[in-house]
Amino acid sequence: MSQFFQIHPDNPQHRLVKQVVEILRSGGVIVYPTDSGYALGCAIGDKQASERIRAIRRLDDKHNFTLVCKDLSEIALYAKVDNQQYRLIKRATPGPFTFLLTATSEVPRRLLHPKRRQIGIRIPDNAIASSILDELGEPIMSTTLILPGETAPQTDPYDIRATLEHQVDLIIDGGFCGFESTTVVSLLEEVPEVIRQGAGDVSRLNL
């Protein structure tokens, strides 16, 4: 049975945040809040945990995971970013955007599409997620918590607990944190392309 932490959405308790990071580092799968609903996450290098996430969401090997990062400086280690792309991402983050970029060799191959070396990158505007990332010191490998057969992200931690308490190691109750998926922007070509309109306001990108 999973653990269940109630973490303050504005002032996350450091003691609990440290416990979250210990669970991630020990191979755990967590449910945590972002600025666009709840997400499933695990440590970036943990193959077994990532396979558990695939099983929960019933994802195939063509699904692109997202690396949830704490800030812009962390992105450059995992994705190739030129000056123009950097400025665009800076305008939109932190916020509910996912940017598709060409992955560097630091990204484990199993997180990528088998035929395309690309990765989703995001910097959420959520105090709990930011505190976890600060303590962890590396991105969280993540995917939005959309259950099989559903189209919208999960928003109620108590409903999540009822459904997933035997499939994950920790569920964080961070209160209501949005119900709309991120806006997805591809930066894989010279001209940025909005792949999915979601919670992120595209006008912030100045495209």
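Values in this document were obtained by computation on a predicted structure and should not be read as measured data.

Re the nonpolar core
Here's step 1: Core analysis: the largest hydrophobic core is formed by 39 residues, its most contacted members being Val31, Leu67, Ile75 and Phe99.
Here's step 2: Membership of the second largest hydrophobic core comes to 20 residues, among which are Val17, Val20, Ala39 and Leu136.

A short note on the sheet that holds strand E7 (residues 140-144)
Here's step 1: Taken in spatial order, the 10 strands of this open sheet run E1-E8-E2-E3-E7-E4-E6-E5-E9-E10, and their pairing is mixed. The two strands at the open ends of the sheet, each matched to only one other strand, are strand E1 (3-6) and strand E10 (193-196). This sheet shows a mean twist of 35° between the axes of neighbouring strands, independent of strand direction.
Here's step 2: Here 2 bridges tie strand E2 (residues 30-34) to strand E8 (residues 170-173), and the two strands are oriented parallel to one another. The partner of Ile30 across the bridge, within E8, is Leu170.
Here's step 3: Helix H1 (residues 14-25) rests against E1, E2, strand E3 (37-43), E7 and E8 of the sheet, and its axis sits at about 150° to E1.
Here's step 4: Contacts from helix H2 (residues 47-57) reach E3 and E7, with the element oriented near 150° to E3.

Re the pattern of salt bridges
Here's step 1: What the rule picks out here adds up to 3 salt bridges.
Here's step 2: Ionic pairing is found between Asp35 and Arg122, a salt bridge with its closest N-O pair at 2.2 Å. With Asp35 in the loop between E2 and E3 and Arg122 in strand E6 (residues 118-122), this residue pair connects regions lying 87 residues apart in the sequence. Each member of the pair, Asp35 together with Arg122, is buried.

Concerning the pairing of E7
Here's step 1: Within E7, 4 of the 5 residues are buried, leaving the element largely enclosed by the surrounding structure.
Here's step 2: Examined bridge by bridge, E3 and E7 share 5 bridges and lie antiparallel to one another. Paired with Leu40 across the strands is Thr143, a residue of E7.

Observations regarding the layout of surface pockets
Here's step 1: For the largest pocket, the calculated volume is near 440 Å³.
Here's step 2: Lining the largest pocket are 25 residues, with Asn64, Thr66, Thr144, Val184 and Arg196 positioned closest to its centre.
Here's step 3: Mapped onto the lining of the largest pocket, the elements with two or more residues apiece are E2, E3, strand E4 (66-68), strand E5 (97-102), E6, E7 and E10.
Here's step 4: Its residues assigned to classes, the lining of the largest pocket shows 9 nonpolar, 13 polar and 3 charged.

Observations regarding the side chain of Arg122
Here's step 1: For Arg122, a relative accessible area of 6% corresponds to the buried category.
Here's step 2: A polar atom in the side chain of Arg122 sits 3.4 Å from the side chain of Thr34.
Here's step 3: Of the polar contacts made by the side chain of Arg122, one reaches the side chain of Asp35; its length is 2.2 Å.

Reading the values: the criteria
- Residues numbered from 1 in each chain as written.
- Predicted model: local features only at pLDDT ≥ 70, side-chain atom pairs only at ≥ 80, totals over all residues.
- Heavy atoms only, no water.
- Core = buried A, V, L, I, M, F, W, Y, C linked by side-chain atoms within 4.5 Å.
- Buried < 20%, exposed > 50% of the residue type's maximum accessible area, 1.4 Å probe, protein only.
- Pairing = 2+ DSSP bridges.
- Helix = DSSP H or I, 4+ residues; strand = E, 2+ residues; numbered from the N terminus.
- Axes fitted to C-alpha atoms, helices over the stretch in contact; angles between N-to-C directions.
- Contact = heavy atoms within 4.5 Å.
- Salt bridge = Lys/Arg side-chain N within 4 Å of Asp/Glu carboxyl O.
- 1 Å grid on protein atoms, 1.4 Å probe; cavity = no way out; pocket = protein on both sides within 12 Å on 5 of 7 lines; lining within 4 Å.
- Points joined across faces, edges and corners; volume = space filled by probe spheres on them.
- Nonpolar A, V, L, I, M, F, W, Y, C, P; charged D, E, K, R; others polar.
- Polar contact = N/O pair within 3.5 Å; in protein donor to acceptor, adjacent residues only side chain to side chain.

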